[in-house]
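Survey of secondary and tertiary structure
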Amino acid sequence: MKQKNNKKASNTVQGKTGQSNNTDHTALELNDNDTKNQLGFDDKPPKQDELLIELALKKCTFFHDEQGEAYAKIQIDNHTEIWDINSTEFKDWLTHQYWIKNKKGVKKSSHESALLTLRGMAVFEGKSEEVYLRVAQIKNTIYIDICNKNWQVIEIDKKDWRIVNKPPVNFIRSKNMKSLHTPKAGDGNINLLSKHLNVGTEDLTLVIGWLLMSMQAGSGALPILIFQGPAGCGKTTVSRMLREIIDPNSADLLSKPKTEDMRVIGVRNHVLAFDNLSGIHSNYSDTLCKISTGDNQTIRRLHTTNDEFTISIKKPILLNGIDEITSRNDLLSRSIRIELKKIKAFQPESRMWSNFIKDVPSILSALLDGISCALANHHKINIKEVTRMGDFCRWSTAAGKMYQWKNDEFIKQYKRNIMLSYVDSINASDFASAIVDMVNDQSDFKDTPKNLLTLLNKFSSIDMTLSSKGVVNKIFRCQDALEALGIEIDKCKDRANRTLITIRANEKYCPQPQSNDEWLKAYNS
């Protein structure tokens, strides 16, 4: 009776589920699955992110820089391209590779998963290598990225220069970077510049020096080139032409950015070129000085984390404007300030640019010849009176041998430019002008900053109101310009721990100059 009841229960289960209660058959299926797992068989197809990673590893080599940023070297045809893994270019390339092989789109989640994995592999398994933008220098060899489709690079050493297909340095690019106009060895002619630039003969030497210094990445501060003049003197055109020669960019001249954006712009541009400036405040001036000398800034990577990274930049800078731009002497001492005269006869812009573009390869070739000459000779150049921009003067003088410049031609023009700029800055400052007038009236002064201000107000057209600390800061701001005129300034403490300012004229001082040229003549004598 019990056996019949068990059989009936078994039939009932089979009727409700449609399945046989076959214990032996179930055990057999489990054993088969265990066997497949043990043998490594997997019926599931690979996931999309796994396929993306597989594609990338076949065609790329991954590495990271010292800041932990991940990069991919992609072998395409006969050249190697280098892209940041988080860049749009690399993401688009990887998506396209998947489409070529599978004819399917990529899911966003799979794409992000693959990129995160590749970044981890680059940071923890890849080598640490340096990356460069447009210009790199390894010891006595300079590399300049042409930015063409074949990723060719100009290699310059002290013997010559050449175009190479497989450089030993890693160049990255931004979207706006354009290709250099391909130079031809033996076709250089630096004198072609004078055909296209509304710049005087004496100032042209300084412009060439700025171009030469901007095409190297060694030690020394990079000069700031400033064009000033009335409307219609070609400030913007000259600025655009100079950038077209050494660092072509679809956004060649930028409007004045916020101070906090300057360093971000510097990361994506070789030359920082700003158009139509109308005065520079103190923070902006300080930032320009830091970038030309070499600036390191630590920034938070994301606002939601405490992760930081360091931006290290040293860039050539190009500015233009109608108003007086370099009112602060720390910026002035790093600058080449060139006054342009109003153009009398204009020509159609299309024809002007067409003629200029034809000459750019020859101009660039001449600059490359000069850089090679500088690499061979810069260590032999001795400058008696080293200025703040001593490396710039030494480099340009060494390159000048290629252009048959006299040994001291560049340094003379540079000193003349700096002196004229100092005189203009003093004339533009009520405080500095009052000091000059005071020295003309009485040769020596030694007293407290408060008493100095009281005396200066007698010679000033406006009533200056400053604290003692403010007076000291003002003096230090204009000290370089005043010392260039021959006015020496010193600060000390007396026995009562009071701050004392000493001002006196030395033997070089030329009292009451009537004009810049007259002052220069008297100063040089």
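Up top is the structure.
Our subject in this report is the structure included herewith. This structure is a prediction, so every number in the text was calculated from the model and none was measured.

A look at a positive patch on the surface
Taken together, the side chains of Lys158, Lys159, Lys380 and Lys401 present a region of like positive charge at the surface. Structurally, lysine 159 is set in the loop between β8 (153-156) and β9 (161-164).

A closer look at the sheet that holds strand β16 (residues 335-339)
Ordered by their spatial adjacency, four strands build an open sheet running β12-β15-β11-β16, and the pairing between neighbours is parallel. Strands at the two margins of the open sheet, each flanked by one partner only, are β12 (272-274) and β16. Strand-to-strand twist across the sheet, computed as the mean angle between neighbouring axes with direction ignored, equals 15°.

Considerations on the sheet that holds strand β2 (residues 70-76)
Taken together, the four strands give an open sheet; going across it, the order is β3-β2-β1-β4, and neighbouring strands pair in mixed fashion. A single partner strand is all that each edge strand has here, and the edge strands are β3 (79-84) and β4 (127-128). When β2 meets β3, the two strands line up antiparallel, connected through six bridges. Pairing of glutamine 75 across the sheet is with threonine 80, part of β3. Sheet strands in contact with helix α3 (residues 48-59) are β1 (60-64) and β2, and its direction is about 90° off that of β1. Against the sheet, helix α4 (residues 88-102) touches β1, β2 and β3, its axis set at about 50° to β2.

Some words on the packing of α3 against α4
Relative to each other, α3 and α4 sit at 105°, their axes nearing to 10 Å. Between α3 and α4, the angle falls in the class roughly perpendicular. Of the residues in α4, those touching α3 at Gln48, Leu51, Leu52, Leu55, Ala56, Lys58 and Lys59 are Trp93, Leu94, Gln97, Tyr98 and Lys101. Residues belonging to the contact of α3 with α4 are distributed by class as follows: seven nonpolar, two polar and three charged.

Describing unusual backbone geometry
The backbone phi angle of aspartate 77 is positive, close to 55°, even though this residue is not glycine. Assignment of secondary structure puts aspartate 77 in the loop between β2 and β3. Its identity is not glycine, yet lysine 139 carries a phi of approximately 55°, on the positive side. Along the chain, the position of lysine 139 falls in the loop between β6 (135-138) and β7 (141-145).

Looking at the pairing of strand β19 (residues 499-505)
As defined by bridge partners, strand β17 (residues 444-447) adjoins β19 across four bridges and the pair is classed as antiparallel. The residue of β19 that forms the bridge with aspartate 447 is isoleucine 501. Relative to β19, strand β18 (residues 487-493) runs antiparallel, the two sharing seven bridges. The residue bridging isoleucine 489 from the neighbouring strand is isoleucine 503, located in β19. Connecting the antiparallel pair β18 and β19 is a turn made up of five residues, with asparagine 497 showing a positive phi of about 65°.

Topic: the pattern of salt bridges
Enumeration according to the criterion identifies 18 salt bridges in this entry. Residue arginine 173 pairs with aspartate 145 through a salt bridge whose shortest N-O separation is 3.2 Å. Taken together, the residues arginine 173 in the loop between β10 (170-172) and α6 (193-196) and aspartate 145 in strand β7 connect sequence positions 28 residues apart. The two residues arginine 173 and aspartate 145 agree in class, both being buried. Between lysine 412 and aspartate 408 there is a salt bridge, and its shortest N-O distance comes to 3.5 Å. Since its relative accessible area comes to 34%, aspartate 408 is described here as partly exposed.

About the thresholds
- Residues numbered from 1 in each chain as written.
- Predicted model: local features only at pLDDT ≥ 70, side-chain atom pairs only at ≥ 80, totals over all residues.
- Heavy atoms only, no water.
- Patch = residues over 30% accessible without salt bridge, like charges linked within 9 Å, V, L, I, M, F, W, Y side chains within 5 Å.
- Areas by Shrake-Rupley, 256 points an atom, 1.4 Å probe, with all protein chains shown as cover.
- Salt bridge = Lys/Arg side-chain N within 4 Å of Asp/Glu carboxyl O.
- Lys, Arg positive; Asp, Glu negative; His and termini not counted.
- Charge placed at Lys NZ, Arg CZ, Asp CG, Glu CD.
- Helix = DSSP H or I, 4+ residues; strand = E, 2+ residues; numbered from the N terminus.
- Pairing = 2+ DSSP bridges.
- Axes fitted to C-alpha atoms, helices over the stretch in contact; angles between N-to-C directions.
- Contact = heavy atoms within 4.5 Å.
- Parallel < 35°, antiparallel > 145°, perpendicular 65-115°, else oblique.
- Nonpolar A, V, L, I, M, F, W, Y, C, P; charged D, E, K, R; others polar.
- Buried < 20%, exposed > 50% of the residue type's maximum accessible area, 1.4 Å probe, protein only.

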